[in-house]
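Observations on chain architecture
Here is how the chains run, residue by residue.
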Amino acid sequence: MANAKKILAALALATCIASPVLAQDITPVDVNAVTCSGFMAMETPTKRDVSYHVLNWINDANNAVAAQKLIGKYGSSVFWTPEKLLIEIEGHCKDAAPDVGIVARLMEHT
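Throughout what follows, the structure given in this document is the object of discussion. Only a predicted model underlies this, so the values are computations on that prediction, with no experimental measurement involved.

Calculation criteria
What you see as residue numbers is a count from 1 along each chain, following the sequence as written. Selection of residues for local features in this predicted model requires a pLDDT of at least 70, selection of side-chain atom pairs for listing and counting requires 80 or more, and totals for whole chains, interfaces and linings are taken over all residues. Processing note: side-chain calculations cover all non-hydrogen atoms of the structure and skip hydrogens and water entirely. Residues enter a nonpolar core if they are buried and are Ala, Val, Leu, Ile, Met, Phe, Trp, Tyr or Cys, with the set joined through side-chain atoms within 4.5 Å. Any residue under 20% of the maximum accessible area for its type is buried, any over 50% is exposed, and the rest in between are partly exposed; the area is computed with a 1.4 Å probe on protein chains only. We count a stretch as a helix when DSSP gives it H or I for four or more residues in a row; a strand needs E for two or more, and each element gets its number in order from the N terminus. Each residue after the first adds 1.5 Å to the expected span of a helix. Think of it as the arc spanned by the lines of direction from the helix axis to the C-beta atoms. We call two residues contacting when some pair of their heavy atoms lies within 4.5 Å. A pair of Phe, Tyr and Trp rings is counted when the ring centres sit within 6.5 Å of each other, with Trp represented by its six-membered ring. The angle between the planes then sorts it: under 30 degrees is stacked, over 60 is edge-to-face, the rest tilted. Salt bridges are defined by distance alone: a side-chain nitrogen of Lys or Arg within 4 Å of a carboxyl oxygen of Asp or Glu. Angles here are taken between N-to-C directions and fall from 0 to 180 degrees, while the axes themselves are lines fitted to C-alpha atoms, restricted in helices to the stretch in contact. Our angle categories are set so that under 35 degrees counts as roughly parallel, over 145 as roughly antiparallel, 65 to 115 as roughly perpendicular, and the remainder as oblique. Under the grouping applied here, Gly and all other residues not named as nonpolar or charged are polar, the nonpolar ones being Ala, Val, Leu, Ile, Met, Phe, Trp, Tyr, Cys and Pro and the charged ones Asp, Glu, Lys and Arg.

**Quick notes on the nonpolar core**
Val54, Tyr74, Leu85 and Ile102 are the most contacted members of the largest nonpolar core, which totals 21 residues. Considering every element that reaches this core, the biggest residue donor is helix α4 (residues 44-59), with five residues.

Take a look at the structure:
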């Protein structure tokens, strides 16, 4: 019985480590706190993770009022992937003031 518990625990840990979607859900990102300078300083995998969370934030019904301007362009779309949104955010942030938030910048250009 003890071995079965150890095996199940090891499988659960391996699943969390191996699955980027599960890992992203475990590590939430406050997308409203990410600035353009902070985003531009990140490595690509971290930018992709933040972009994933921005898309989730936009599509979360709890954020419908705050994300209202972004929903029409980025919400519930097959087109927008974290990789594509990453490029979009980089484009909007390249000439932004360092302390401007990425969500605010997206709203500014939508």
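Right, picking up where we left off after that structure.
**Looking at helix α6 (residues 82-93)**
Compared with an ideal rise of 1.5 Å per residue, which puts twelve residues at 16 Å, α6 spans 16 Å between its outermost C-alpha atoms and is within 8% of the ideal. All buried positions along α6 are accounted for by Pro82, Leu85, Leu86, Glu88, Ile89, His92 and Cys93. Down the axis of α6, the buried side of the element spans an arc of 165°, and every buried residue falls inside it. Buried residues along α6 sit against α3 (36-41), α4, α5 (68-74) and α7 (102-108).

**Let's talk about the packing of aromatic side chains**
Pairs of aromatic rings are described using the distance from one ring centre to the other and the angle between the two planes. Within this structure, the stated rule accounts for two aromatic pairs. Residues Phe79 and Trp80 carry aromatic rings whose centres are separated by 5.0 Å and whose planes lie at 85° to one another, so their mutual orientation is edge-to-face. Feature note: the residues Tyr74, Phe79 and Trp80 constitute an aromatic cluster, connected by ring pairs.

**Let's talk about the environment of Asp99**
Looking at the secondary structure, you find Asp99 in the loop between α6 and α7. Residues Asp99 and Thr35 lie 64 residues apart in sequence; the distance between their C-alpha atoms is 5.5 Å.

**Examining the pattern of salt bridges**
Here the structure, examined in full by the defined rule, presents five salt bridges. Between Lys47 and Glu90 there is a salt bridge, with its nearest N and O atoms 2.7 Å apart. Of the two residues, Lys47 sits in helix α4 while Glu90 sits in helix α6, which places them 43 residues apart along the sequence. Assessed through its relative accessible area of 7%, Lys47 is described here as buried.

**A short note on the packing of α4 against α6**
Interhelical geometry of α4 versus α6 gives an angle of 100° and a closest axis separation of 8 Å. Between α4 and α6, the angle is such that the two are roughly perpendicular. Residues Thr44, Lys47, Arg48, Ser51, Tyr52, Val54 and Leu55 of α4 touch α6, and the partners they reach there are Pro82, Glu83, Leu85, Leu86, Ile89 and Glu90. Grouping the constituent residues of the contact of α4 with α6 by class yields seven nonpolar, two polar and four charged.

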